[in-house]
Every structure is written in structure tokens, then in C-alpha cells.
Amino acid sequence: MQDIEVEEFARLNTRATDIQLLDVRENLEFHTFNVGGINIPLGQLPQLIADEDFELDPKKTIIVICQRGIRSKTAKQILVNAGYLNTRNLIGGLLKLQRITSTL
């Protein structure tokens with residue numbers, strides 16, 4: 001699935017029932033600023049995917065976010081390799097999103 005640009009993400013209804021947000025930043029980063037969703041730091045993602053209580057639904061579109069889009073790109077690949085094929089990376093991350101939304 002194609003990655004998502006911040007302009008499209010800004011227009012997206014992230015509360016839609018067919019979309020899940022996954023923030024792969026560290027907990028402190030997430031609690032400092034976030035746009036909602038589930039917070040699973042990138043380093044914990046591989047081990048948590050194997051857990052039967054894993055919070056993400058492979059039938060939904062998962063948008064992975066981080067500060068600059070680098071960690072989320074890695075997380076997207078981890079998820080795709082685990083069978084979560086409807087996964088998109090937020091290109092440019094939250095920093096770019098904040099720049100774009102501050103000019104709207």
C-alpha cells in the first residue's frame with residue numbers, strides 16, 4: 001500500500017472506524033505531542049506483533065507515524081512482513097504535519 005503525504009493525512013478523518021493510527025515514537029515523545037492512536041515504540045513492535053492480544057487489526061488501514069517518518073517507515077516494513085498489508089507510512093512525520101497544518 002502506498003505511503004501517505006501529510007496533506008492527505010491532514011484531510012483524513014482519523015477517527016474513521018476503518019483506520020488505525022500507530023505512533024512508533026518513545027512514550028515520552030508520544031505524551032509530549034500526539035495526534036492520537038496507539039503508541040508502541042518501534043523497539044517493542046516486533047515482539048508485540050507475535051502476541052495474540054496485539055491491538056492492531058490487519059483488516060483495517062494502519063497509518064504509522066513518528067517524528068520524521070524514518071522510524072515509521074521501518075515499522076511499516078515490519079508490519080507488512082507480518083501480514084499487515086494495509087499499512088501506510090506518514091511521509092515526513094509529525095514535524096512536517098505540524099508545519100503544514102500551521103499554514104492552513
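The preceding data block contains the structure.
Residues numbered from 1 in each chain as written. Predicted model: local features only at pLDDT ≥ 70, side-chain atom pairs only at ≥ 80, totals over all residues. Heavy atoms only, no water.

**Side note on the sheet that holds strand E2 (residues 38-39)**
Now for step 1: With parallel pairing, 4 strands are arranged side by side in an open sheet as E2-E1-E3-E4. Across the chains shown, the open sheet's two edge strands, defined by having one partner strand only, are E2 and strand E4 (87-89).
Now for step 2: Helix H4 (residues 70-81) rests against strand E1 (19-23), strand E3 (61-65) and E4 of the sheet, and its axis sits at about 165° to E4. (Pairing = 2+ DSSP bridges. Helix = DSSP H or I, 4+ residues; strand = E, 2+ residues; numbered from the N terminus. Contact = heavy atoms within 4.5 Å. Axes fitted to C-alpha atoms, helices over the stretch in contact; angles between N-to-C directions.)

**Remarks on H4**
Now for step 1: For H4, which comprises 12 residues, the first-to-last C-alpha distance of 17 Å matches the rise-based estimate of 16 Å (1.5 Å per residue) to within 8%.
Now for step 2: Taken as a whole, H4 has its buried residues at Ser72, Ala75, Lys76 and Leu79. All buried residues of H4 lie within an arc of 105° about the axis, which places them on one face of the element. Every exposed residue of H4 that faces more than 90 degrees away from the buried side is listed here: Ile70, Lys73 and Asn81.
Now for step 3: Contacts from the buried residues of H4 go to E1, helix H3 (45-49), E3 and E4.
Now for step 4: Phi for Gly83, located one or two positions after H4, is positive at around 100°. (Expected span 1.5 Å × (residues − 1). Buried < 20%, exposed > 50% of the residue type's maximum accessible area, 1.4 Å probe, protein only. Arc of directions from axis to C-beta.)

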